[in-house]
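# Geometric and topological summary
One-letter residues, chain by chain:
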Amino acid sequence: MDNHPDASATPSPVSGTGPAPADPSAAAIQSVPNAYVVGATAQISERGQHTLKHGDLFGVFDHSGNILFGPGIADGLYYLDTRHLSALSLSLCGARPILLSSTLRENNATLSCDLTNPELQLAPRAGCTECETLSHDLIHVRRTRFLWNRACHERLLLRNFDVETRDANIEIEFFADFADLFEARGTPRAKHGTLSPARVDEDSVLLCYTGLDDRVRRTRLRFEPRPDRLTATSARFDLSLKPGERRLVHVVIECDPDLDEARDPAVPHSVHAARPAEQFLFSMVEARRALRISSARAAAIATSNEIFNEAIRRCISDIYMLVTDKPTGPYPYAGVPWYSTAFGRDALITAMQMLWLDPAIASGVLAFLAENQAKVVDHVADAEPGKILHETRRGEMAELGEVPFRHYYGSVDSTPLFVMLAGQYLERTGDVATIAVLWPNIERAIDWIDQYGDRDGDGFVEYGRRNENGLANQGWKDSFDSVFHADGTLAEGPIALCEVQAYVYEAKLSAAAIGRRLGHTALALRLETEAAALRVAFNVKFWLEDLGTYAIALDGRKQPCRVRSSNAGHTLLSGIVPPERAARIVSGLMSRTFFSGWGIRTIPVGEARFNPMAYHNGSVWPHDNALIALGLARYGYKDEAARLFGALFDAALYADLRRLPELFCGFARQRGEGPVRYPVACSPQAWAAATLPSLAQACLGLRFDPATVTVHFDTPRLPPFLDQLTLYNLSVGGGRVSVHVSRLGGEVAINVLEREGAIKVQITS
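The rules we used
Residues numbered from 1 in each chain as written. Predicted model: local features only at pLDDT ≥ 70, side-chain atom pairs only at ≥ 80, totals over all residues. Heavy atoms only, no water. Helix = DSSP H or I, 4+ residues; strand = E, 2+ residues; numbered from the N terminus. Buried < 20%, exposed > 50% of the residue type's maximum accessible area, 1.4 Å probe, protein only. Contact = heavy atoms within 4.5 Å. Lys, Arg positive; Asp, Glu negative; His and termini not counted. Charge placed at Lys NZ, Arg CZ, Asp CG, Glu CD. pLDDT = per-residue confidence, 0-100. Core = buried A, V, L, I, M, F, W, Y, C linked by side-chain atoms within 4.5 Å. Axes fitted to C-alpha atoms, helices over the stretch in contact; angles between N-to-C directions. Parallel < 35°, antiparallel > 145°, perpendicular 65-115°, else oblique. Left-handed = near helix turned anticlockwise from the far one by under 90°. Nonpolar A, V, L, I, M, F, W, Y, C, P; charged D, E, K, R; others polar. Patch = residues over 30% accessible without salt bridge, like charges linked within 9 Å, V, L, I, M, F, W, Y side chains within 5 Å. Areas by Shrake-Rupley, 256 points an atom, 1.4 Å probe, with all protein chains shown as cover. Salt bridge = Lys/Arg side-chain N within 4 Å of Asp/Glu carboxyl O. Pairing = 2+ DSSP bridges.

### Remarks on the overall build of the protein chain
Helix and strand content of the protein chain: 18 helices and 35 strands. With respect to the three principal axes, the spread of C-alpha positions in the protein chain is 95 × 60 × 50 Å. Burial status across the protein chain gives 59% buried among its 765 residues. In the protein chain, the share of contacts with a sequence separation of at least 24, taken over all contacts with a separation of at least 6, comes to 67%. Distance between charge centroids for the protein chain: 4 Å, based on 78 positive and 91 negative side chains.

Rendered as structure tokens:
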């Protein structure tokens, strides 16, 4: 294609990728129940995508490695919630290459795409009058791409498999609209900043945008070798390839280049100034080394089931790709593409799920959330002193207040979950020093529960947004229609969710245990008394005898929402449920109305708003099932936990890359078919990635006692698809142990393979 704007023109979308989305008035946000919901368009649900992430940079690409641009498409290279590259396409001899295959490496380090030429009619050679035919499959192109330190690195390897010399040109077209992530995923925006004319040098293009927040955002593309033609929107390379000859082209796409404060101090300045080929090699080595170092912290799992081994390796790789190293320690971002930022609830739950494997994640999560704990009342941010963060964003719309999520505290459960995780971390590691530093934050969190969380002084924690643009529902099921009465009428707030009361109960007991370790005996006694009172009141007000479960919530008039839900399964995580009631809850959750064959639905068949395609009203969420399984194990229902383990593993068999998505539809399982996909589910998602490791812990009854340096297996079970399982490098109290778990008839045997230090293994049945 030869019709390109000159270098001084404002960049426009790549030809053929479609027009930019329409710009409805931002006032329309107020008329939509879920103003910030991710739109499910045909283009999104039907297209396959690959995702890469490093730190605050992530990319969404099609299977050929391209970035498509157009209505309903949100591909791109995103940095700090801004789309720094919104279109990228590769052509070979003027045509789109044929996709042979594309593969995301098992450790998520690189994306590789193999492409070849279609049959082409080429222009006549010099001195000839007839067009030349290039048969298909003669020129091979291998794209290798990865992200590292705010840059996307790509290498194109071309090889001629013909028996004669071939002239081949490749063209890379690109465009950056610098859209805010919320706009890219569907939130309308009335005004935008200014795109500056591109600056084109001999081997680089600099694209700039000045936002309405007065911040300048930049994208620089650098090429090696020097392109034969370079404009504001494309780079072209004219190559002559002898038979069997290979040629390399390198591209590096840098987001906000030359910002010293954002640069990794561990990377020498000379590397940033190096040629793209040198940067590619150095950065690839560093990226793989960093992944090895971080994932080496975790205990390892190997089993007799090779497919499960693939799935668990993908889980661990996804977790450590999503983990971002912050000054406070490792922090798992919630998911790619829409939630690649620090969320409170998601990180807390992920840290709980991973605590047995890698306690360092919990330490990093606690430290970051303590640092960002709310200090003042701020109704715009739904913040009150002591409250734990829900979400933080750094894009233009957040900076301007067009969306309320710059530092947003609209989650009712993050605060008790923070205290719960602190208690679990101390129990897992015995790290009193870390918890002592966090003690003031734990006290402030408990104060928030009592002073602000309990809005009417009835002993229950309720929520109701202070900002009309904030989230209407503030539990983990935060869709606008996720809390309702038996007739389908939406509940009016303030709303007290059943699982939140269980979290508060466990949080007060956790804070009491921590307080006793730190010498705060009087406070510990008070918290234990309050927890006991909450247990009694909860079982009086929330229990529905005729339904055999807890109401999903109490509404603002203290009327129970008589709806069965998976929320009740979360109450089993704490000891707030009497054993006889636990039995009835478990029976309901494992019934056919709840259990789809792929897992427990969020809402069972028969409820007014049940819809297997709804985000929270009938779908199946892997992490939801993992938390329920941990509760089942706590109450001794190991066989039921193993059944969930089997169902979720079976779902992973059908998932791309064996990767469990954020959720899938709640249709009943059909013989020979996989679960029905949810169109805009995030994948990877942190708490979904941590699901299989968490289910393994539940079935094995795995817990740790640092005081006695003991690893406990309480009534261990292996699901039917696993005959043997080996856990390497389980650590506690300075000791390490590797164990082999095997099925012997109906029993499970555990053998110690390797031991370091005075560590013990204890099995109870």
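### A short note on the confidence of the model for the protein chain
Looking at the protein chain, the pLDDT average stands at 91 and 91% of residues meet or exceed 70. Taken as a whole, residues 1-33 scores under 50 in pLDDT and shows 66 contacts with residues more than four places along the chain or in a different chain. Under a pLDDT of 50 for its full length, residues 40-45 has, in the predicted model, 12 contacts with residues more than four places off or in other chains.

### Brief notes about the nonpolar core
If you look at the biggest cluster of nonpolar residues, it comprises 151 residues, and the most contacted ones within it are Phe418, Ile442, Leu692, Leu727 and Leu730. For this core, the leading source of residues is helix H11 (residues 498-517), giving 10 residues. Setting aside its immediate chain neighbours within four residues, Leu730 contacts Ala299, Trp356, Leu702, Phe704, Val711, Phe713, Gly735, Arg736, Val737, Val739 and Ile759. Counting 49 residues, the second-largest nonpolar core is a separate cluster that includes Leu90, Leu120, Leu230 and Ala235.

### Quick look at the packing of helix H16 (residues 638-654) against helix H18 (residues 691-700)
Describing two packed helices takes the angle between their axes plus the distance from one axis to the other. Interhelical geometry of H16 versus H18 gives an angle of 155° and a closest axis separation of 9 Å. Of the possible angle classes, the one that applies to H16 and H18 is roughly antiparallel. Handedness of the H16/H18 crossing: left-handed. Where H16 approaches H18, its residues Lys638, Ala641, Ala642, Leu644, Phe645, Leu648 and Phe649 are matched on the opposing element by Thr691, Leu692, Leu695, Ala696, Ala698, Cys699 and Leu700. By residue class, the composition of the contact of H16 with H18 is 12 nonpolar, one polar and one charged.

### Concerning a nonpolar patch on the surface
Together, Ile307, Leu653 and Tyr654 make up a nonpolar patch on the protein surface, roughly 250 Å² of accessible area in all. A residue is classified by how much of its surface remains accessible, and Ile307, at 34% relative accessible area, is partly exposed.

### A short note on unusual backbone geometry
The step from Glu224 to Pro225 runs through a cis peptide bond, and the omega angle for that step is 5°. Positionally, Pro225 belongs in the loop between strand S16 (216-224) and strand S17 (229-230). Between Gly493 and the following residue, Pro494, the backbone shows a cis peptide bond with an omega angle of 0°. Structurally, the position occupied by Pro494 is in the loop between helix H10 (432-453) and strand S25 (496-497). Not every positive phi belongs to a glycine, and Leu657 is a case in point at roughly 65°. Within the fold, Leu657 resides in the loop between H16 and helix H17 (686-689). The backbone of Arg658 sits at a positive phi, close to 60°, despite the residue not being glycine. With respect to the element layout, Arg658 can be found in the loop between H16 and H17.

### Quick look at the sheet that holds S17
Read across the sheet, four strands follow the order S5-S12-S18-S17 without closing on themselves; strand pairing throughout is antiparallel. Across the chains shown, the open sheet's two edge strands, defined by having one partner strand only, are strand S5 (87-92) and S17. In this structure, strand S12 (residues 166-175) lies alongside strand S18 (residues 234-241), joined through eight bridges in antiparallel fashion. Looking at S18, one finds that Arg166 is bridged to Leu241.

### With respect to the pairing of strand S30 (residues 702-705)
Residues in a regular strand point their side chains to alternate faces of the sheet. Along S30, the buried face is formed by Leu702 and Phe704; none of Arg703 and Asp705, which line the opposite face, is buried. Bridge count for S30 against strand S31 (residues 710-714) is four bridges, and the pairing is antiparallel. Bridging from a neighbouring strand, Asp705 pairs with Thr710 of S31. Count of turn residues in the S30/S31 antiparallel hairpin: four residues, of which Val709 carries a positive phi of about 50°.

### Re the packing of helix H9 (residues 414-429) against H10
One can describe the packing of H9 onto H10 by two numbers: an axis separation of 9 Å at closest approach and a directional angle of 155°. When the interaxial angle is binned, H9 and H10 end up roughly antiparallel. Remark: the crossing between H9 and H10 carries left-handed chirality. For the pair formed by H9 and H10, the contact residues are Thr415, Pro416, Phe418, Val419, Ala422, Tyr425 and Leu426 on the first element and Val432, Thr434, Ile435, Asn441, Ile442, Ala445, Ile446, Trp448 and Ile449 on the second. Looking at the contact of H9 with H10 residue by residue, the classes come out as 13 nonpolar, three polar and no charged.

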